[in-house]
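# Observations on the model geometry
Residue-level listing of the chains:
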Amino acid sequence: MLLELARWLAHDIRAFNVFNYITLRAVLATLTALTISFLVGPVMIRKLTQYKVGQSVRDDGPQTHLIKAGTPTMGGALILVAIAIATLLWADLTNRFVWVVLITTLGFGIIGWVDDWRKVVHRNPKGLSAKAKYFWQSVIGAGVAVYLYYTAASPAETQVIVPFFKHLVLPLGAVSFIVLTYFVIVGSSNAVNLTDGLDGLAIMPTVMVGSALAIFAYVAGHLYFSKYLGVPYVPGAGELMVFCAAMAGAGLGFLWFNAYPAEVFMGDVGALALGAALGTVAVIVRQEIVLFIMGGVFVMETLSVAAQVTYFRYTKKKYGVGRRIFLMAPLHHHYEQKGWKETQVVVRFWIITMMLVLVGLSTLKLR
Amino acid sequence: MKANRTVLALGEAHTSAAGASVMTTPNANMRFWIITMMLVLVGLSTLKLR
């Protein structure tokens, strides 16, 4: 929105041309989202507390978490508001990728909102049924996949890029592209949701992975950099840097209130939306495999749940008594049960993510 | 004799924040990290803004 204004003003005052730079608008989007989070955050927490929108804590979880019962949840709405406003202010709104990512994020946010609302306000412990949740996630995920495939302007936009291999590119047909895109978006959405179990655990890796994707988006949207680094050129993808930057700013602003001991939780409204946002950006900039590497913490958390449930069911069927691989799933609870403090688990998982993001970024050069 | 006065509840700033019972230690840590990240961003933006 402000870009249009700046371009109009630049006819008379040339200094306004500076807003044409994506990098500058990305920095401004970060600061805008952060400021919105700081301003709206305390008000939102007060309102959520006032309306008793408090998180219920699973009674089969760690005992140390019982004191968290009643902490306001649905704080993810704060993140979404900050991202939406900052993106609408600073991104080029004629860019179709910006709208795809924004609509996907808000769409998944609505699914999470309905789920949270039913759980917390209507006191319905089931919330949105698993079937309904996956149905709506699938509708949006598949819709985005179909749209991206049929609006692809070049073959590069539908190829899978294998990191570390310069010439290994897998062209995808309609079905394989749509299936892959669907799984990346829906999978990353649910993976972030599963990770969101400790104060600050989900948001900081989201900020880090989102920031790295901002760099990938910038490179993919830049004719010379993409050619120099050997990554697919996706015209218009650079504008996603503004969205990712807004996500990073909103995430950091949210972390201010979500740091241990959290004043507010993200809820499904935030977790599902942020995961979907990461997946969609990764698909557009053709870095699905790199997302898998950088989001290793999300992947580990998801696999730990899948392995725990599968092994438990298998052993129950075979021996009559279910056995467990981990002391508790998802993985962060396992380490808590082993005696790590909550803040230790959180910061150590952040450190792992930092390392994985570094590995992901190294794929820009190492190929 | 006049009592000594202090600017902060405790020096240094992190002890003041945590000691004033507004923040816990992890709270103070993470918020100081967030401030640093923002300052780094401002620092990096000087690459372009000149």
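Residues numbered from 1 in each chain as written. Chains lettered and ligands numbered in written order. Predicted model: local features only at pLDDT ≥ 70, side-chain atom pairs only at ≥ 80, totals over all residues.

### Concerning the overall build of chain B
Tallying secondary structure elements over chain B gives 2 helices and 0 strands in all. Per-residue burial over chain B gives 10% buried out of 50 residues. (Helix = DSSP H or I, 4+ residues; strand = E, 2+ residues; numbered from the N terminus. Buried ≥ 20, exposed ≤ 12 C-beta atoms within 10 Å, placed from the backbone.)

### A short note on the interface of chain B and chain A
Interface size is commonly expressed as the accessible surface area that is lost when the partners come together. With 12 residues of chain B at the contact, the number on the chain A side is 14 residues. Its residues assigned to classes, the side of chain B that touches chain A shows 7 nonpolar, 3 polar and 2 charged. (Contact = placed C-beta atoms within 7 Å. Nonpolar A, V, L, I, M, F, W, Y, C, P; charged D, E, K, R; others polar.)

### Thoughts on the nonpolar core
Residues and elements named next belong to chain A. The biggest cluster of nonpolar side chains holds 108 residues, and the ones touching the most others in it are Leu213, Ala217, Leu240, Cys244, Val281 and Val285. Take this core: its biggest share by element is 14 residues, from helix 9 (residues 240–258). Each residue touching valine 285, except ones within four places of it in the same chain, is listed here: Leu213, Phe216, Ala217, Ala220, Val234, Ala237 and Leu240. (Core = buried A, V, L, I, M, F, W, Y, C linked by C-beta atoms within 7 Å.)

### Remarks on helix 14 (residues 342–362) of chain A
Residues and elements named next belong to chain A. Along its 21 residues, helix 14 runs 30 Å from first to last C-alpha, staying within 8% of the 30 Å computed at 1.5 Å per residue. Of all the residues in helix 14, the buried ones are Glu342, Val345, Val346, Phe349, Trp350, Thr353, Leu356, Val357 and Gly360. Within helix 14, the buried residues cover an arc of 130° as seen down the axis, which keeps them to one side. Turned more than 90 degrees away from the buried face of helix 14, the exposed residues are Ile351, Met355 and Leu358. Residues of helix 14 that are buried in the fold lie against helix 7 (203–220), helix 11 (288–294), helix 12 (296–319) and helix 13 (331–337). (Expected span 1.5 Å × (residues − 1). Arc of directions from axis to C-beta.)

### Some details on the confidence of the model for chain B
Mean pLDDT over chain B: 81, with 86% of residues reaching 70 or higher. Both confidence scores are given for the complex: pTM 0.93, ipTM 0.85. (pLDDT = per-residue confidence, 0-100.)

### Considering the packing of helix 3 (residues 76–90) of chain A against helix 10 (residues 267–284) of chain A
Residue and element names in this part refer to chain A. Contact geometry of helix 3 with helix 10 gives a least axis separation of 6 Å together with a crossing angle of 45°. On the basis of the axis angle, helix 3 is oblique to helix 10. Each of Gly76, Ala77, Ile79 and Leu80 in helix 3 lies in contact with helix 10, whose residues at this interface are Gly267, Val269, Gly270, Ala271, Ala273 and Leu274. Residue composition of the contact of helix 3 with helix 10, grouped by class: 7 nonpolar, 3 polar and no charged. (Axes fitted to C-alpha atoms, helices over the stretch in contact; angles between N-to-C directions. Parallel < 35°, antiparallel > 145°, perpendicular 65-115°, else oblique.)

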